[in-house]
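As a plain string of letters, each chain reads:
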Amino acid sequence: MAHGCSYSTVGDLFGVASSTASQIFNEVIRVIIQAFYDEYVALPTTKDGWKAELNAFLEDWGFPCVGAWDGFHVYISSNLKNFKKRYSVTNMGLIAANKRFLWAGVGAPGSVHDSALLQSAPIFHQIESGHVLPHNVLTLPGHGEIPLVMVGDSAFPSRPWLLKAYPDTTKNQKERYFNRKLRSARVVSDHAYGMLKGRFRIIYKKAECQRHNVKAVIMACIALHNLCIVRSDPCLPRWQLRVERLNLIRKPTKRTQDRQLSQEIRAKITRWLWSLRS
């Protein structure tokens, strides 16, 4: 996993056939998932847990959110083409302030848009129905109250719990400052994916494993990534990779009540952040 060597190379190193190396590898992957995934890749279950995530973002990144959404691709030998005409599976993560995965959805066809992947995931409907985020509010002194929110890029839908940046064409200084702060919080996803692919090169280059196994490989890598963070195992700078941004184009949609509420929350945070700057 760390080097992404072929099964034939691993087989030669240990004196076994490549088919045997493949079988053993896939068995180990599933044991890793069974032993670690549910324990180390999990959303907070208490108000104090979400409060800790909020405080971490405020302290480290200066933005009032509890997580950052983003997608990433893993290239494979298959027929699942993405928007760049390469074969891949697309994956989605909710990233904490310390770069661990709070939630992950993996293994969708590479052509699936980030927004479609999120909205088709069970967690989206659980958040919408109020079963994930606690009904807490954050008071912005002098600027009202906001609910607990997450952040994402322009590929995602506007929701009261999911904030996006203002259009890049904005000339308003307050909105431009808001964009800088939001993007500084969102950078945790870039860091997380860079660390993930830097530690486990098997998902950095084109994965040799078959399509039905790649989902398990990605899940095992995510579980071990979180385990390393919890155990304070350092990710050396030379391991970290710059992950290419996936700025997908989405069709304009009709303005909805959710979008208006999202914009109101964004405006409150904008004014609050600007007041702190002054």
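The structure presented is a predicted model; accordingly, all values stated were derived computationally and were not measured.

Caption draft 1: Inspection of the pairing of strand β1 (residues 68-75) at higher detail. Among the 8 residues of β1, 8 are classified as buried, and the element is accordingly described as predominantly covered. Here β1 shows two buried faces, one formed by Ala 68, Asp 70, Phe 72 and Val 74 and the other by Trp 69, Gly 71, His 73 and Tyr 75. Judged from the 8 bridges that link them, β1 and strand β2 (residues 88-95) form a sheet pairing that is antiparallel. Across the sheet, Tyr 75 pairs through a bridge with Ser 88, a residue of β2.

Caption draft 2: Examining the environment of Leu 227 more closely. Here Leu 227 shows up in helix α7 (residues 211-230). Excluding residues that lie within four positions of it along the chain, Leu 227 makes contacts with Phe 36 and Tyr 40.

Caption draft 3: A nonpolar patch on the surface, seen in detail. Together, Leu 13, Phe 14 and Val 16 give the surface a local cluster of nonpolar side chains, amounting to about 350 Å² of exposed area. The residue Val 16 is located in the loop between α1 (7-14) and α2 (18-40) in this model. For Val 16, a relative accessible area of 32% translates into the label partly exposed.

Caption draft 4: Inspection of the side chain of Glu 53 at higher detail. Relative to the helices and strands, Glu 53 is located in helix α3 (residues 47-61). A distance of 2.5 Å separates a polar atom in the side chain of Glu 53 from a polar atom in the side chain of Arg 100. Setting aside anything within four residues of it in sequence, one finds Glu 53 in contact with Pro 44, Cys 65, Val 66, Ala 96, Ala 97, Arg 100 and Leu 102.

Caption draft 5: Spotlight on the pairing of strand β5 (residues 144-147). Pairing of strand β4 (residues 137-140) with β5 involves 4 bridges; the strand directions are antiparallel. If you follow Leu 140 over to β5, its bridge partner there is Gly 144. The turn linking β4 back onto β5 is made up of 3 residues, and Gly 142 within it adopts a positive phi angle of 80°.

Caption draft 6: Representation of α7 within the structure. An ideal rise of 1.5 Å per residue puts 28 Å on 20 residues; α7 measures up with 30 Å between its terminal C-alpha atoms. Burial analysis of α7 places 16 of its 20 residues in the buried class, the great majority of the element. The positive-phi residue at the C-terminal boundary of α7 is Ser 232, with phi of around 60°.

Caption draft 7: Representation of the pattern of salt bridges within the structure. Under the definition given, this model contains 5 salt bridges. A salt bridge links Arg 186 to Asp 153; the nearest nitrogen and oxygen atoms lie 3.9 Å apart. On the criterion of sequence distance, the pair formed by Arg 186 in helix α6 (residues 173-199) and Asp 153 in the loop between β6 (150-151) and β7 (162-163) is long-range, its members being 33 residues apart. For the residue pair Arg 186 and Asp 153, the accessibility class agrees, reading buried in each case. Across the salt bridge formed by Asp 168 and Arg 183, the nearest N and O atoms sit 2.4 Å from each other. One end of the pair, Asp 168, is in the loop between β7 and α6; the other, Arg 183, is in helix α6, with 15 residues separating them in the sequence.

Caption draft 8: Layout of the nonpolar core. Phe 63, Trp 69, Phe 101, Met 150, Ile 218, Ile 222 and Ile 269 are the most contacted members of the largest nonpolar core, which has 79 residues in total. Sort the elements by how many residues they give to this core and α7 lands first, with 11 residues.

Caption draft 9: Representation of the packing of α2 against α7 within the structure. Between α2 and α7, whose axes approach to 8 Å, the crossing angle comes to 50°. Between α2 and α7, the angle falls in the class oblique. Relative to α7, α2 is oriented so that their crossing is left-handed. Contacts between α2 and α7 involve Phe 25, Asn 26, Ile 29, Arg 30, Ile 32, Ile 33, Phe 36, Tyr 37 and Tyr 40 from the first element and His 212, Asn 213, Ala 216, Val 217, Met 219, Ala 220, Ile 222, Ala 223, Leu 224, Asn 226, Leu 227 and Val 230 from the second.

Caption draft 10: Highlighting unusual backbone geometry. For Lys 99, which is not glycine, the phi dihedral falls at a positive 75°. Assignment of secondary structure puts Lys 99 in the loop between β2 and β3 (101-109).

Caption draft 11: Main features of the packing of aromatic side chains. Per the stated rule, a full pass over the model turns up 9 aromatic pairs. Both rings, one in Phe 124 and one in Trp 161, keep their centres 5.6 Å apart while their planes meet at 65°; by these two values the pair is edge-to-face. Here Phe 124 is found in helix α5 (residues 122-128), whereas its partner Trp 161 is found in the loop between β6 and β7, with 37 residues between them in sequence. The burial state of Phe 124 is the same as that of Trp 161; both residues are buried. Three or more aromatic residues joined by ring pairs form one cluster here, namely Phe 63, Tyr 166 and Phe 178. Positioned over the ring face of Tyr 166 is Arg 266, at 3.9 Å from the centre of the ring. Stacked on the ring of Tyr 177, the Lys or Arg Arg 277 has its end atom at 5.5 Å from the ring centre.

About the thresholds
Residues numbered from 1 in each chain as written. Predicted model: local features only at pLDDT ≥ 70, side-chain atom pairs only at ≥ 80, totals over all residues. Heavy atoms only, no water. Buried < 20%, exposed > 50% of the residue type's maximum accessible area, 1.4 Å probe, protein only. Helix = DSSP H or I, 4+ residues; strand = E, 2+ residues; numbered from the N terminus. Pairing = 2+ DSSP bridges. Contact = heavy atoms within 4.5 Å. Patch = residues over 30% accessible without salt bridge, like charges linked within 9 Å, V, L, I, M, F, W, Y side chains within 5 Å. Areas by Shrake-Rupley, 256 points an atom, 1.4 Å probe, with all protein chains shown as cover. Salt bridge = Lys/Arg side-chain N within 4 Å of Asp/Glu carboxyl O. Polar contact = N/O pair within 3.5 Å; in protein donor to acceptor, adjacent residues only side chain to side chain. Expected span 1.5 Å × (residues − 1). Core = buried A, V, L, I, M, F, W, Y, C linked by side-chain atoms within 4.5 Å. Axes fitted to C-alpha atoms, helices over the stretch in contact; angles between N-to-C directions. Parallel < 35°, antiparallel > 145°, perpendicular 65-115°, else oblique. Left-handed = near helix turned anticlockwise from the far one by under 90°. Phe/Tyr/Trp six-rings, centres within 6.5 Å; stacked < 30°, edge-to-face > 60°. Lys NZ or Arg CZ within 6 Å of the ring centre and 35° of its normal.

Remember, this is a structural readout, not a statement about activity or role.
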